[in-house]
Amino acid sequence: DGVYQLAPRMADSFAAAAMMAGHPNETRPDGLRNLPFALYMGGKDGAFNRNEIARQWKTTLADLAAKDAGGYPHEVTIFEENGHWMERKDAVAVPWMAKHTRNLRPTRIVWLQDDVTSTRFYWMGNPEPKGGQRVVATRSGQEIRIEESTDVAKLVIWLDDELVDLDKPVRVLQGERVLFEGRVPRTIGALAESLAARGDPSAAFPASVVVELGQKSRD
């Protein structure tokens, strides 16, 4: 159950995740856009409707991947002859996960706040998180584009020279509106703040820009 809950919420913490014989409760898979996610379930595991929900997630993940090129890498196997105990067949998840490497700087982010919220997801920050907020953002070259936002007033865009060329101007857009345009300086303060937030050197960024959003938008 915990993997269903934690993987979308903390996708930037992992290289891959695998769920075996659990139940998602209210959680949704939106945040799995950049996290390889494996799901294994016994076809006869009918308690709490686990088997049918797993089949629904299999369809949902396939639909999300089909609509978002390069997104939602997944592996879903229903062992139809098994119940809750899969006779260790789900052990195939370990070599499957081992093939993957954590990607902290994806070109596209889908961030849905769960009932347990977070102020950071990949290279985006939200200083006022609340459940149900949703942001979709992409980066290409020197441009960051907020493609979708729901009930979000402000975002922090964390940057480094792997994401953009910090010696050149950066643009942040929401629809046709330019939220920011200009050089973003590297500072020891930004580096220290981003490192302190996670204690993860790989997730430390030397530059950031804060942008004000329209509360609801769709590009």
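Values in this document were obtained by computation on a predicted structure and should not be read as measured data. (Residues numbered from 1 in each chain as written. Predicted model: local features only at pLDDT ≥ 70, side-chain atom pairs only at ≥ 80, totals over all residues. Heavy atoms only, no water.)

## Describing the pattern of salt bridges
Reasoning step 1: Applying the stated criterion to the full structure yields 23 salt bridges.
Reasoning step 2: Between aspartate 160 and arginine 105 there is a salt bridge whose closest N-O contact spans 2.8 Å. You can see aspartate 160 sitting in the loop between β9 (154-159) and β10 (170-174) and its partner arginine 105 sitting in the loop between α3 (93-98) and β4 (108-112), a full 55 residues away along the chain.
Reasoning step 3: Exposure remark for aspartate 160: the relative accessible area of 8% places this residue in the buried category.
Reasoning step 4: Residue arginine 105 is classed as buried on the basis of its relative accessible area of 13%.
Reasoning step 5: Each of Arg28, Asp30, Arg134 and Glu148 takes part in salt bridges that share partners, so that together they form one network. (Salt bridge = Lys/Arg side-chain N within 4 Å of Asp/Glu carboxyl O. Helix = DSSP H or I, 4+ residues; strand = E, 2+ residues; numbered from the N terminus. Buried < 20%, exposed > 50% of the residue type's maximum accessible area, 1.4 Å probe, protein only.)

## A closer look at the nonpolar core
Reasoning step 1: Ranked by size, the top nonpolar core spans 48 residues in total, and within it Phe37, Leu39, Trp123, Met124, Ile146 and Leu159 carry the most contacts.
Reasoning step 2: No other element matches the five residues that β9 contributes to this core.
Reasoning step 3: In terms of nonpolar packing, the next biggest core, distinct from the first, is built from nine residues, Ala18, Ala21, Tyr40 and Met86 among them. (Core = buried A, V, L, I, M, F, W, Y, C linked by side-chain atoms within 4.5 Å.)

## Examining the sheet that holds strand β2 (residues 37-42)
Reasoning step 1: Taken in spatial order, the three strands line up as β1-β2-β3 in an open sheet, and their pairing is parallel. Looking at which strands have only one partner, the edges of the open sheet turn out to be β1 (17-20) and β3 (74-79). Here the average twist between neighbouring strands, direction ignored, is 10 degrees.
Reasoning step 2: As judged from the four bridges shared by β1 and β2, these two strands associate in the parallel manner. Bridging across to β2, alanine 18 finds its partner in alanine 38.
Reasoning step 3: Helix α1 (residues 2-9) rests against β1 and β2 of the sheet, and its axis sits at about 155 degrees to β1. (Pairing = 2+ DSSP bridges. Axes fitted to C-alpha atoms, helices over the stretch in contact; angles between N-to-C directions. Contact = heavy atoms within 4.5 Å.)

## What about the sheet that holds β9?
Reasoning step 1: The strand order β5-β6-β9-β12 describes an open sheet built from four strands, whose pairing is antiparallel. The strands lining the two open edges of the sheet, one partner per strand, are β5 (120-121) and β12 (207-212).
Reasoning step 2: As defined by bridge partners, strand β6 (residues 124-125) adjoins β9 across two bridges and the pair is classed as antiparallel. Counterpart to methionine 124 in the pairing with β9 is isoleucine 157.

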